[in-house]
Amino acid sequence: MAQARISAKASEGAQQLQQPQQQHQSGGQLRGRFYRSTSMADRSSRLLENLDQLELRVEAFRDAASAMEQEKEILLEMIHNIQNSQDMRHISEGEREELNLTANRLMGRTLTVEVSVETIRNAQQQESLLHATKMIDEIVNKLLDDLEDAKMRLMSLYGACTSDVPAGPIDQKFQSVVIGCAIEDQKKIKRRLETLLRNLENSEKSITLLEHQKSSVRQSCNSKQD
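Residues numbered from 1 in each chain as written. Predicted model: local features only at pLDDT ≥ 70, side-chain atom pairs only at ≥ 80, totals over all residues. Heavy atoms only, no water.

Going by what an unreviewed UniProt entry lists, the protein chain is known as BAG2 regulator and is assigned to Mystacornis crossleyi.

Structure follows, in structure tokens:
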């Protein structure tokens, strides 16, 4: 009996010793988990902050590439306008040939720069872009048939793309189509219309100048005959 009681007390003592150790270990595990959770939150916060900063840089990078894309378009248009200007028609053949060689060289060097900013579109935006492009192309293809009518129609399309008060009527159908396009595509459509209208204006000036020159020649011939 005595031996049994001694063994029972020894067992109870051992259990009492083990309980604090288990509690201590359990507390250590809880504290360890708490520290790990805090560390994971810090890492997540730092990573999110880095991604936010990178997002700003990515957008700035796309904007810079888009600006270069526009600059390329402007340079090509300026070179083309010089080659087809009235001034080029009123210089000697040798000078015109030399200037055209320089213009072609600049045109070639400009074309060696490849800049492309892809626009992310959903199916609806892609369909809207194709529809808007088709509407513009239909007018461009009829430019030679009726220049004045084509200009008026292009101006109505341009009025649908700008937030300014338009000088003339707005093509409501085209406006609804453009609204369905991606923002970047809306900007490109507006730039294309601006370029077309600018070229038309330059063409009209050239035609007016040419007609004025023809009229002056006719008047000079009539004066001589008189």
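K.L.:
Report on the overall build of the protein chain, specifying residues and quantitative values.
P.N.:
When its secondary structure is counted, the protein chain shows seven helices and zero strands. What you see in the protein chain, going N to C, is helices and strands ordered as α-α-α-α-α-α-α. Within the span of the protein chain, comprising 226 residues, buried residues form 20% of the whole. Within the protein chain, counting contacts between residues at least 6 apart in sequence, those at least 24 apart form 73% of the total. For the protein chain, the accessible area works out to roughly 17,200 Å², and carbon and sulfur atoms hold 55% of it. (Helix = DSSP H or I, 4+ residues; strand = E, 2+ residues; numbered from the N terminus. Buried < 20%, exposed > 50% of the residue type's maximum accessible area, 1.4 Å probe, protein only. Contact = heavy atoms within 4.5 Å. Areas by Shrake-Rupley, 256 points an atom, 1.4 Å probe, with all protein chains shown as cover.)

K.L.:
Any details on the environment of E114? Residues and values, ideally.
P.N.:
Mapped onto the elements of the fold, E114 is located in the loop between α3 (93-111) and α4 (123-140). Residue E114 is classed as exposed on the basis of its relative accessible area, which comes to 69%. Taking the C-alpha atoms as reference points, E114 and M68, separated by 46 residues in sequence, lie 9.6 Å from one another.

K.L.:
Describe a negative patch on the surface, and please don't skip the residues or the numbers.
P.N.:
Taken together, the side chains of E49, D52, E55, E59 and D63 make up a negatively charged region of the molecular surface. Its place among the elements puts E59 in helix α1 (residues 2-83). Look at E59 and you get partly exposed, because its relative accessible area is 40%. (Patch = residues over 30% accessible without salt bridge, like charges linked within 9 Å, V, L, I, M, F, W, Y side chains within 5 Å. Salt bridge = Lys/Arg side-chain N within 4 Å of Asp/Glu carboxyl O. Lys, Arg positive; Asp, Glu negative; His and termini not counted. Charge placed at Lys NZ, Arg CZ, Asp CG, Glu CD.)

K.L.:
Tell me about the side chain of T119, and name the residues and values.
P.N.:
Here T119 shows up in the loop between α3 and α4. Polar contacts involving the side chain of T119 include one to the side chain of E184, which spans 2.9 Å. Residues within four places of T119 in sequence aside, it is in contact with R62, A182, E184, D185 and K188. (Polar contact = N/O pair within 3.5 Å; in protein donor to acceptor, adjacent residues only side chain to side chain.)

K.L.:
Summarise the packing of α4 against helix α6 (residues 172-179); cite the residues concerned and give the values.
P.N.:
The N-to-C vectors of α4 and α6 enclose an angle of 145°; their axes lie 8 Å apart at closest approach. For the element pair α4 and α6, the recorded crossing hand is left-handed. Counting all contacts with α4, which are made through S128, H131, A132, M135 and I136, the residues of α6 involved are K173, F174 and V177. The residue makeup of the contact of α4 with α6, split by class, is five nonpolar, two polar and one charged. (Axes fitted to C-alpha atoms, helices over the stretch in contact; angles between N-to-C directions. Left-handed = near helix turned anticlockwise from the far one by under 90°. Nonpolar A, V, L, I, M, F, W, Y, C, P; charged D, E, K, R; others polar.)

K.L.:
Run through the nonpolar core, naming residues and quoting values.
P.N.:
One finds I136, L154, L157, C161, F174, I189 and L193 to be the most contacted residues of the largest nonpolar core, which totals 20 residues. Of all the elements in the fold, those that place two or more residues in this core are α4, α5 (147-159), α6 and α7 (183-225). In contact with F174, other than residues within four places in its own chain, are A132, M135, I136, L157, A160, C161, I189 and L193. (Core = buried A, V, L, I, M, F, W, Y, C linked by side-chain atoms within 4.5 Å.)

K.L.:
Let's hear about the pattern of salt bridges: which residues, and what values?
P.N.:
Counted under the stated rule, the structure contains six salt bridges. Where E184 meets R62, a salt bridge forms, and the shortest distance between an N and an O atom there is 2.8 Å. Here E184, found in helix α7, pairs with R62, found in helix α1; they are 122 residues apart in sequence, far enough to count as distant. R62 sits in the partly exposed class, given a relative accessible area of 23%. A salt bridge links R198 to E77; the nearest nitrogen and oxygen atoms lie 2.9 Å apart. With R198 in helix α7 and E77 in helix α1, the pair connects residues that are 121 residues apart, well separated along the chain. We classify R198 as partly exposed; its relative accessible area is 36%. You can call E77 buried: its relative accessible area is 12%.

K.L.:
Describe the confidence of the model for the protein chain, listing the residues and the values that go with them.
P.N.:
Confidence in the prediction for the protein chain averages 80 pLDDT; 72% of positions are at 70 or higher. Confidence drops under pLDDT 50 across residues 1-6; counting only partners more than four residues distant or on other chains, this segment forms zero contacts. Scored below 50 in pLDDT, residues 16-31 shows one contact in the model against residues more than four places distant or in partner chains. (pLDDT = per-residue confidence, 0-100.)

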